[in-house]
Every structure is written in C-alpha cells, then in structure tokens.
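For reference, the chains in residue letters:
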Amino acid sequence: MHPVGDMKETMDWVLDPAADVIWGFAGFVMTAEGTTDLAPKSEEDWAEVKHAAWVLAESGNLLMMPGLAKDNADWMEYSQGLTTMGNRLIEVAEAQDPDSLFEAGGHLYNICLACHQAYARELRQD
C-alpha cells in the first residue's frame, strides 16, 4: 500500500470537506434577525450527511495506512475513533435524527481537536 497524497492533502481534500458537511448541518445559528436551524431539511441533505459520514469512517481506516500513520499509539486511537464516529454518523443520517447529528458532530469535533493538539505541529512540517 502506498498513499497517493500527503497528510495535508488528505486533510484539505478529504477530511476537512467531509467534517464541514457534518458541522454545517448541525445546530443553530442565532443572529439579530432570529435563529436558523441548520438541520438537514430534505432527503438530499440527509444523503449528503450520510456521504460525508461514510468518507469520515473510511478516512479513519486510511489514516492507519502505512505512509500516513504517524505512530502506533495515539494516532491509531484517534483514527479508530474517527471510523467509529463516522459509522455512528451514518446511523444518524439513516435515522434522520437532527438532535443526534448535533451530538455526534460534537464528538467528531472532540476527536479532531484531540488529534490536532497532539499532532498538528508535526503535520505542518510534512
């Protein structure tokens, strides 16, 4: 096995766009004009969430691949967490449950944040 891109490309072109879809459909935006519910409103929206969730789940596996994996310790735990959360988000999309989407989006954020706190400096040097 041999990765096609480096970690920056994987983050920029695969992980970040998929995570942004999840977060873009989770929660509310409150402004002076009122509150906007971001939850998916159509079958197409939920399909987009499911697609992004699938990308995240498979990306966790990708991050464990030789050439992308940074170590066999915390990196693997974060990667497995990404796959687990991606699978959870697939279930949420299939159930079309906005409250669970918001909750799972928070868990996804925590996984991403923990990994970035541990590895972001090192990854910027790739």
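The following paragraphs examine the structure supplied in this document. For clarity, every value in this text was computed on a predicted model and none was experimentally measured.

1. Here's the deal with the overall build of the protein
Part 1 of the argument: In terms of helices and strands, the protein carries 4 helices and 2 strands.
Part 2 of the argument: Each helix and strand of the protein, ordered N terminal to C terminal, gives the series α-β-β-α-α-α.
Part 3 of the argument: Its C-alpha atoms give the protein principal-axis dimensions of roughly 45 × 30 × 25 Å.
Part 4 of the argument: Within the protein, the fraction of its 126 residues that count as buried is 38%.

2. Some details on the packing of aromatic side chains
Part 1 of the argument: Scanning the entire structure with this criterion turns up 3 aromatic pairs.
Part 2 of the argument: Ring geometry for Trp23 versus Tyr109: centroids 6.1 Å apart, planes at 70 degrees, classification edge-to-face. Remark: Tyr109 occurs in helix α4 (residues 98-124) and Trp23 occurs in helix α1 (residues 7-24); sequence separation between them is 86 residues.
Part 3 of the argument: Among the residues examined, Tyr109 registers a relative accessible area of 45% and is labelled partly exposed.
Part 4 of the argument: Seen in terms of ring centroids, Tyr78 and Tyr119 are 6.3 Å apart; in terms of plane orientation they differ by 85 degrees. Their pairing is edge-to-face. Taken together, the residues span a long stretch of sequence, with Tyr78 in helix α3 (residues 74-95) and Tyr119 in helix α4 at a distance of 41 residues.

3. With respect to the nonpolar core
Part 1 of the argument: Within the largest apolar cluster, 31 residues are counted, with the highest numbers of intra-cluster contacts made by Ile22, Val49, Leu56, Trp75, Leu89, Leu101 and Leu108.
Part 2 of the argument: In terms of residue count, α3 provides more of this core than any other element does, 8 residues in total.
Part 3 of the argument: Those residues in contact with Leu56, other than ones at most four positions away along the chain, are Leu15, Ala18, Ala19, Ile22, Leu82, Thr83, Gly86, Leu89 and Leu108.

4. Considering a nonpolar patch on the surface
Part 1 of the argument: A grouping of Trp23, Tyr109 and Leu113 is seen on the molecular surface, where their side chains present a nonpolar patch of about 270 Å² in accessible area.
Part 2 of the argument: The exposure class of Trp23 is partly exposed, given its relative accessible area of 30%.

5. Considerations on the pairing of strand β1 (residues 28-31)
Part 1 of the argument: Strand direction decides the pairing type here: β1 and strand β2 (residues 34-37), joined by 4 bridges, are antiparallel. Across the sheet, Phe28 pairs through a bridge with Asp37, a residue of β2.
Part 2 of the argument: Counting the residues that bridge the hairpin from β1 to β2 gives 2 residues.

6. Some remarks on the side chain of Ser79
Part 1 of the argument: Within the element layout of this structure, Ser79 appears in helix α3.
Part 2 of the argument: We classify Ser79 as buried; its relative accessible area is 1%.
Part 3 of the argument: Once you skip the residues sitting within four places of it in the chain, Ser79 turns out to touch Gly60, Leu63 and Met64.

7. Here we look at unusual backbone geometry
Peptide bonds are trans in most cases, and residues, glycine excluded, mostly fall at negative phi.
Part 1 of the argument: Within the chain, Gln96 stands out as a residue other than glycine whose phi angle is a positive 50 degrees.
Part 2 of the argument: By secondary structure assignment, the location of Gln96 is in the loop between α3 and α4.
Part 3 of the argument: Overall, the relative accessible area of 32% leaves Gln96 in the partly exposed class.

8. A few points about the packing of helix α2 (residues 43-63) against α3
Part 1 of the argument: Taken N-terminus to C-terminus, the directions of α2 and α3 make an angle of 160 degrees; their axes are 7 Å apart at the nearest point. In terms of axis orientation, α2 runs roughly antiparallel to α3. As for the relative orientation of α2 and α3, their crossing is left-handed in sense. Every residue of α3 that contacts α2 at Trp46, Val49, Lys50, Ala53, Trp54, Leu56, Ala57, Ser59, Gly60, Asn61 and Leu63 is listed here: Trp75, Ser79, Leu82, Thr83, Gly86, Asn87, Leu89, Ile90, Val92, Ala93 and Glu94.

Definitions and limits used
- Sequence order as written defines residue numbering, which begins from 1 separately in each chain.
- The model is predicted, so local features are restricted to residues of pLDDT at least 70 and side-chain atom pairs to those at 80 or more, both for listing and for counting; the totals for chains, interfaces and linings are taken over all residues.
- Side-chain measures were taken over the full set of non-hydrogen atoms in the model, leaving aside hydrogen atoms and water.
- Here a strand is any run of E in DSSP of at least two residues, a helix any run of H or I of at least four, and the numbering for each starts at the N terminus.
- Between buried and exposed lies partly exposed: a residue is buried under 20% and exposed over 50% of the maximum accessible area for its type, with that area taken using a 1.4 Å probe on protein chains only.
- For this analysis, a ring pair means two rings from Phe, Tyr or Trp (six-membered ring only for Trp) whose centres lie within 6.5 Å, classed as stacked if their planes differ by under 30 degrees, edge-to-face if by over 60, and tilted for the remaining angles.
- For our purposes a nonpolar core is just a set of buried Ala, Val, Leu, Ile, Met, Phe, Trp, Tyr and Cys residues, chained together by side-chain atoms within 4.5 Å.
- Any two residues whose heavy atoms approach within 4.5 Å at even a single point are treated as in contact.
- Patches here: salt-bridge-free residues with over 30% relative accessible area, like charges joined within 9 Å, nonpolar side chains (Val, Leu, Ile, Met, Phe, Trp, Tyr) joined within 5 Å.
- Residue-level accessible areas treat just the shown protein chains as cover; the underlying method is Shrake-Rupley with a 1.4 Å probe.
- Here a salt bridge means any side-chain nitrogen of Lys or Arg lying within 4 Å of a carboxyl oxygen belonging to Asp or Glu.
- Any two strands are treated as partners once DSSP identifies two or more bridges connecting them.
- The convention used is that axes are lines fitted to C-alpha atoms, helices contributing only their stretch in contact, and that angles between N-to-C directions extend from 0 to 180 degrees.
- Between 65 and 115 degrees an angle is taken as roughly perpendicular, under 35 as roughly parallel, over 145 as roughly antiparallel, and anywhere else as oblique.
- Handedness of a crossing is defined here by the sense of rotation of the near helix relative to the far one, left-handed for an anticlockwise turn of less than a right angle and right-handed for a clockwise turn.

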